[in-house]
Amino acid sequence: MSTNNKNSRRQQILEALAHMLEVSPGERITTAALAKAVGVSEAALYRHFPSKSKMYEGLIEFIEETLFTRISIIANEEIPALERCEKIMQLLLAFAERNPGITRILTGDALAGETSRLRQRVVQLFNRLEAELKQMFRQAELKENLHFGMSIAATVSLLLAIVDGKMAQYVRSEFKRMPTEGWREQWHHAVHGILVN
């Protein structure tokens, strides 16, 4: 099998897994069901991924690559830190909205019963995101004279809790309550709540 065909099949497996996570909330995904959805045998699945955990890791890698490539671009824009932060928050919510099954991974819902290593990968993803925002706000304090009503760590934690909560609502509502719904107004009030004049 050529490398392109192999990569194409891997991509097909990951897309099928993401789709099953979307259409079967609350159900455990089996390799037998996934193989059937892809149209291959379970043995064929294992030729591309040595375990189901590796399939989930493939989706987590997709999340990391997609988000952090865009976050890096936003972080380097020559605009005020709060505008960059809003763009990053909007990116997270829009990504969740466009990828419902994958959002179940971000909230941990799809990882119940899976290996702790997968949950740890998601924790690391959010830790990396938190570190990016903290760094951005530290620079904003120095360069933009921006002041928050609490520590930068507490401020970033609050903002990520809002985003995390909106993703959790989306999953709990079985993808009916859109994460971006009301975001502009919510962001406006969140910012006025964290800034000190």
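Residues take numbers from 1 onward in each chain, read along the sequence in its written order. Per-residue local features of the predicted model are confined to residues with pLDDT of at least 70, and side-chain atom pairs are confined, for both listing and counting, to 80 or more; whole-chain, interface and lining totals are unaffected and use all residues. Excluded from the side-chain calculation are hydrogens and water; included are all heavy atoms of the structure.

Asker: Kindly report on the layout of surface pockets, identifying the contributing residues and their values.
Answerer: The gaps of empty space that remain are located by a probe, the size of a water molecule, rolled over the atoms. Only protein atoms enter the calculation, which uses a 1 Å grid: trapped sets of points that fit a 1.4 Å probe without letting it out are cavities, open sets showing protein on both sides within 12 Å along at least five of seven lines are pockets, and any residue with an atom within 4 Å of a point is a lining residue. Grid points are joined across faces, edges and corners, and a volume is the space filled by probe spheres set on the points. Volume-wise, the largest pocket comes out at about 250 Å³. Contributing to the lining of the largest pocket are Asn 7, Arg 10, Gln 11, Leu 14, Glu 15, Ala 18, Gly 58, Leu 59, Glu 61, Phe 62, Glu 65 and Ile 102. Note on conventions: DSSP H or I runs of at least 4 residues are helices, E runs of at least 2 residues are strands, and numbering of each starts at the N terminus. Residue assignment for the lining of the largest pocket shows that the elements contributing at least two residues are α1 (3-23) and α4 (52-75). Per-element accounting of the lining of the largest pocket gives the leading share, 6 residues, to α1. Residues of the lining of the largest pocket, tallied by class, amount to 5 nonpolar, 3 polar and 4 charged. Any residue that is not Ala, Val, Leu, Ile, Met, Phe, Trp, Tyr, Cys, Pro, Asp, Glu, Lys or Arg is counted as polar, Gly included; the first ten are nonpolar and the last four charged.

Asker: So what about the side chain of Thr 31? Which residues, and what values?
Answerer: Take Thr 31: it is sitting in helix α2 (residues 31-38). Exposed residues in this analysis have more than 50% of their type's maximum accessible area, buried residues have under 20%, and partly exposed residues fall in between, with area computed by a 1.4 Å probe over protein chains only. Judged by its relative accessible area of 11%, Thr 31 falls in the buried class. Here a residue-residue contact requires only that any non-hydrogen atoms of the pair lie within 4.5 Å. The residues touching Thr 31, leaving out its near neighbours within four places in the chain, are Glu 42, Leu 45, Tyr 46, Lys 52 and Met 55.

Asker: Describe helix α5 (residues 81-98), listing the residues and the values that go with them.
Answerer: Taking 1.5 Å of rise per residue, the 18 residues of α5 would be expected to cover 26 Å, and the 25 Å separating its terminal C-alpha atoms lies within 8% of that figure. With 13 of 18 residues buried, α5 lies mostly within the body of the structure. An expected span of 1.5 Å times one less than the residue number is assigned to each helix.

Asker: Describe unusual backbone geometry, and please don't skip the residues or the numbers.
Answerer: Positive phi is not limited to glycine here, since Glu 174 has a value of about 55°. You can see Glu 174 is positioned in the loop between α8 (152-172) and α9 (183-194). The phi angle at Phe 175 is positive, at roughly 70°, despite the residue not being glycine. The class of Phe 175 is buried, set by a relative accessible area of 12%.

Asker: Please give an account of the packing of aromatic side chains that cites residues and values.
Answerer: The description of an aromatic ring pair uses the distance of the two centres, along with the angle that the planes make with each other. Ring pairs are drawn from Phe, Tyr and Trp, using the six-membered ring of Trp, whenever the two centres fall within 6.5 Å, and their geometry is named by plane angle: stacked under 30 degrees, edge-to-face over 60, tilted for the rest. Overall, the coordinates contain 4 aromatic pairs when judged by the stated rule. For the pair Phe 137 and Phe 148, a centre-to-centre distance of 4.8 Å together with 50° between the ring planes defines the contact as tilted. Residue Phe 137 is found in helix α7 (residues 116-143), and its partner Phe 148 is found in the loop between α7 and α8; the two are separated by 11 residues along the sequence. Phe 148 shares its class with Phe 137; the two are buried. When the centroid spacing of 5.2 Å and the interplanar angle of 70° are considered together, the rings of Tyr 170 and Phe 175 count as edge-to-face.

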